[in-house]
Amino acid sequence: MSKRPGEDAGGPGPKRPTPGQDMMDSEPILPEEYEDPDDEDVFLNDVLDQKARMLSGCRPSSFEPRRPRPAAVAPSPTRASDRPSRVARATASFPPQVIVADAEREHWKRKPAPELNVEKDNIVFQQLDIDYIIGEPHAMLGPQRKAMGAAAMLRIFGVTAGGNSVCVHVHGFEPYFYAKVPESFRDDQCEGFRKNLNDLMQQQQRGGNNGGNGTFISAVSVVRDKQSLMYYQEGRTAMFVKITTTLPNMVATARGILEKQGLLVPGLHGSALTFMTFESNVLYTLRFMVDRGIVGGNWLELPPGGYHLRAKKSSMCQYECDVAFDAVISHAPEGQFSKLAPFRILSVDIECAGRRGHFPDAEHDPVIQIATMVTCQGDDKPIIKAIWTLDTCAPIVGADVLSFTDERELLRSWGKFLRSTDPDLLIGYNIVNFDFPYLINRAATLGVEDFPYWGRMIGSKLRMKDTTFSSKAYGTRDSKEITIEGRVQFDLLQAVQRDHKLSSYSLNAVSAHFLGEQKEDVHHSAISELQAGTSETRRRLAVYCLKDAYLPQRLLDKLMYMYNYIEMARVTGVPLSFLLSRGQSIKVLSQILRKARQRGLLVPHMPKKGASDQQEGGVAYEGATVLDAKAGYYELPIATLDFASLYPSIMMAHNLCYCTLVPQNMVSRMNPEDVSKSPTGDVFVKSNKTKGILPEILEELLSARKRAKADLKKAQDPLEKAVLDGRQLALKVSANSVYGFTGARR
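Residues numbered from 1 in each chain as written. Predicted model: local features only at pLDDT ≥ 70, side-chain atom pairs only at ≥ 80, totals over all residues. Heavy atoms only, no water.

Peer 1: Would you mind showing me how to read the environment of Val222 here?
Peer 2: Relative to the assigned elements, Val222 resides in strand β5 (residues 217-228). Remark: the alpha-carbon pair of Val222 and Met239, spanning 17 residues in sequence, is separated by 7.3 Å. Excluding residues that lie within four positions of it along the chain, Val222 makes contacts with Phe185, Arg186, Asp187, Cys190, Met239, Phe240 and Val241. (Helix = DSSP H or I, 4+ residues; strand = E, 2+ residues; numbered from the N terminus. Contact = heavy atoms within 4.5 Å.)

And the structure:
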């Protein structure tokens, strides 16, 4: 197949980010909750629908290979044939020209989950993904909350140490933020504040909670033991109100009213006042994780008697339960809880028969092969190695070969395979911008309605949209955003582009650079010719496709991406999915929020500044001055010196932080021995007065890195070494990111 978009050396060209785009304000699209159909086999009705379409004479595939005799599934020579399942028996009467393969083989599924006694057994699992949906409040929240209308419910997906999948529905965590109020504000004014703000939100008809009793703001309470993160406060606390909303997307609406429109509070002032808000741009999922001490990729525990198993599941996970948010126990990633669960990783690659002189187009060109490998984290070899082919294919040693004469059935079978194997991670090379969109669009073109159900929630389709990723560290690129509920996507092309500077990012070049091996020798121009040939030529193409699915898994292991990225998620405290889809700012903000919470500080919402703000007196920050070396021949050895963690060291040495910056009107009152002045004229208090949050974060990161490197030298177990090496690298990158965060335009 021809080179895919995005695999070139330079990658996509620069593009301006969307005006007004605020990464911190964006919330995911909110799907609705679904019920589990009564049928034991959720997808058996798909087979019956398929039979009906066949009998009604549906339009054949746009790709018309010559009509060979029906080919049977070629099982791996190393495995005994499996007993046909109920789905296979139900399709036995299909016309002979359609080959229907059972994609729900027993050896492809996870091993059965042990039964649990909710009163005696706990559930301990490593969480890999977290999101939320909007639905009816759970009964455990009581009638008062039900009367307010819809509520947000968090969903945590993970894997137990035994390899069983888990879906936890977390209830009762309400979104909130803070606003600074005058010192004259009284407790009895909270209800007037709440009612007037609620009325303004109702007038705007925003928030989407019209199904309840008109409640948008559920509570307002006075907070007296907090202070702002911004500027040195001399230990003085200020007056704030904590504003709790009924839904996460109402936070942005309420913030806009308070900061721009203003609010009239009875007894406080004769006219409407605007209020500065704090922590009003924190994502709902991150807010929950910060408050509960949960970091990305760590182990969680549901104690005995603290959860309810669902008798009627809404997901395909083996364990599905409901729990109150304050019953979830978070374990620090240390000791036994530093290891990784045996989660399932599915690697995929597709081949298409493009028209001569044209790059494959999903509206016209068929998917002729889909190669898939499934590996358990920590294993050296795949547990499943399978290839779906259009038309016959000769057997391949060690692989399951599934052949079809109808492209619709090929796609339908692979979709069922994905659901039955229940992977935790979906990986590949350029899957986000090529393989996945092509499969999705091709299935839509052919009318395969049951194909786009890749997520773990029953009846929930995946969602795909165009997006632009923009970051100072990683540049700007166009991409696809594909939401697959409960499964993490990890595109090796994006990861390699982020972490390594190479002359070419094609799979062939990257594999040669890191693995010392390359793809199978099949030129893209020969793909259609091999497909139109015999079962042996299609076997050669299948081997090529399987190799392209295996190389991303090899790269994942060789570059220790799972260890490095999960350790990065643990260090920075963000979900694993944030590491590829977002920039550095969210990681630093997560650390600041956690440290500020410990110190009783609140992070202010700072409106984003653009180029116009800099023209009106603002100054764009610059990096360090780099002096060019004097090239030449020197007889005497030249000693070179390098700072250890230059920028973090400067910030720690001079106690540079938001909370140590002295306001200009206070500088004259400060003791000169207690402050230090920067070259730009800004004044910061020294650490003997108060320790800055940023220096404290940096000291902890660098100290933890030293400990990790020391433990790495002592470690003997290869698995432990990989974890420790990933941890020290994550700590180094996180420390360097703190400096860049301070220059963000917000």
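Back to the text.
Peer 1: Sorry if this is basic, but what is going on with helix α15 (residues 585-599) here?
Peer 2: The end-to-end C-alpha separation of α15 is 21 Å, in line with the 21 Å expected for 15 residues at 1.5 Å each. Here α15 lies mainly inside the structure; eleven of its 15 residues are buried. Every buried residue of α15 is accounted for by Ile586, Lys587, Val588, Leu589, Ser590, Gln591, Ile592, Leu593, Arg594, Lys595 and Ala596. Positive backbone phi, at 75 degrees, marks Gly600, one or two positions downstream of α15. (Expected span 1.5 Å × (residues − 1). Buried < 20%, exposed > 50% of the residue type's maximum accessible area, 1.4 Å probe, protein only.)

Peer 1: So what exactly am I meant to see when it comes to the side chain of Asp674 here?
Peer 2: Within the fold, Asp674 resides in the loop between α17 (646-653) and β21 (675-677). For Asp674, which is buried and forms no salt bridge, the nearest opposite charge comes from Lys689, at a distance of 4.2 Å. Other than its neighbours up to four places away in sequence, Asp674 contacts Phe684, Val685, Lys686, Asn688 and Lys689. (Lys, Arg positive; Asp, Glu negative; His and termini not counted. Salt bridge = Lys/Arg side-chain N within 4 Å of Asp/Glu carboxyl O.)

Peer 1: Explain unusual backbone geometry here, please?
Peer 2: Leaving glycine out, the prevailing phi sign among residues is negative, and the prevailing peptide bond configuration is trans. At Tyr231, a residue that is not glycine, the phi angle is positive and equals roughly 75 degrees. Structurally, Tyr231 is set in the loop between β5 and β6 (238-245). One non-glycine residue, Asn430, lies in the positive phi region at around 65 degrees. Tracing the sequence through the fold places Asn430 in the loop between β16 (425-428) and α8 (431-446).

Peer 1: For this particular structure, what's the right way to read the packing of aromatic side chains?
Peer 2: What characterises a pair of aromatic rings is the spacing of the ring centres plus the angle enclosed by the ring planes. Across all of its chains, the model carries 21 aromatic pairs by this definition. Put simply, the rings of Tyr132, Phe173, Tyr284, Phe288 and Phe325 touch in pairs and so form one group of aromatic residues. The aromatic ring of Tyr176 is capped on one face by Lys242, whose charged end is 4.3 Å from the ring centroid. For Arg582, the ring lying beneath its charged end belongs to Phe578, and the centroid distance is 4.6 Å. (Phe/Tyr/Trp six-rings, centres within 6.5 Å; stacked < 30°, edge-to-face > 60°. Lys NZ or Arg CZ within 6 Å of the ring centre and 35° of its normal.)

Peer 1: Teacher, can you tell me more about the pairing of β16 here?
Peer 2: For a regular strand, the rule is simple: side chains alternate between the two faces of the sheet. Neither face of β16 is open: one carries Leu425 and Ile427, the other Leu426 and Gly428, and all of them are buried. Taken together, the three bridges between strand β12 (residues 344-352) and β16 define a ladder with parallel strand orientation. Bridging from a neighbouring strand, Ser347 pairs with Ile427 of β16. Inspection of the sheet shows β16 paired to strand β19 (residues 488-491) by four bridges, in the parallel sense. (Pairing = 2+ DSSP bridges.)

Peer 1: So what exactly am I meant to see when it comes to the pattern of salt bridges here?
Peer 2: A side chain with one charge can pair with a side chain of the opposite charge if their charged atoms come near. Taken as a whole, this structure holds 36 salt bridges when the rule is applied. Between Glu517 and Arg554 there is a salt bridge, with its nearest N and O atoms 2.4 Å apart. Residue Glu517 is located in the loop between α10 (507-514) and α11 (527-531), and its partner Arg554 is located in helix α12 (residues 535-558); the two are separated by 37 residues in the primary sequence. Arg554 sits in the partly exposed class, given a relative accessible area of 25%.

Peer 1: Any chance you could explain the sheet that holds strand β9 (residues 307-309) here in plain terms?
Peer 2: What holds strands together in a sheet is hydrogen bonding between their backbones, with the strands either parallel or antiparallel. What the seven strands build is an open sheet, ordered β9-β10-β3-β2-β1-β8-β11; its pairing is mixed. In this open sheet, the two strands that pair with only one neighbour each are β9 and β11 (329-331). Averaged over all pairs of adjacent strands, the angle between their axes in this sheet comes to 35 degrees, without regard to strand direction. Bridge analysis of strand β2 (residues 151-160) against strand β3 (residues 165-171) gives six bridges, and the strand direction is antiparallel. Paired with Leu154 across the bridge in β3 is Val170. Taken strand by strand, helix α6 (residues 284-292) contacts β1 (123-135), β2, β3 and β11, and its axis lies near 140 degrees from that of β1. (Axes fitted to C-alpha atoms, helices over the stretch in contact; angles between N-to-C directions.)

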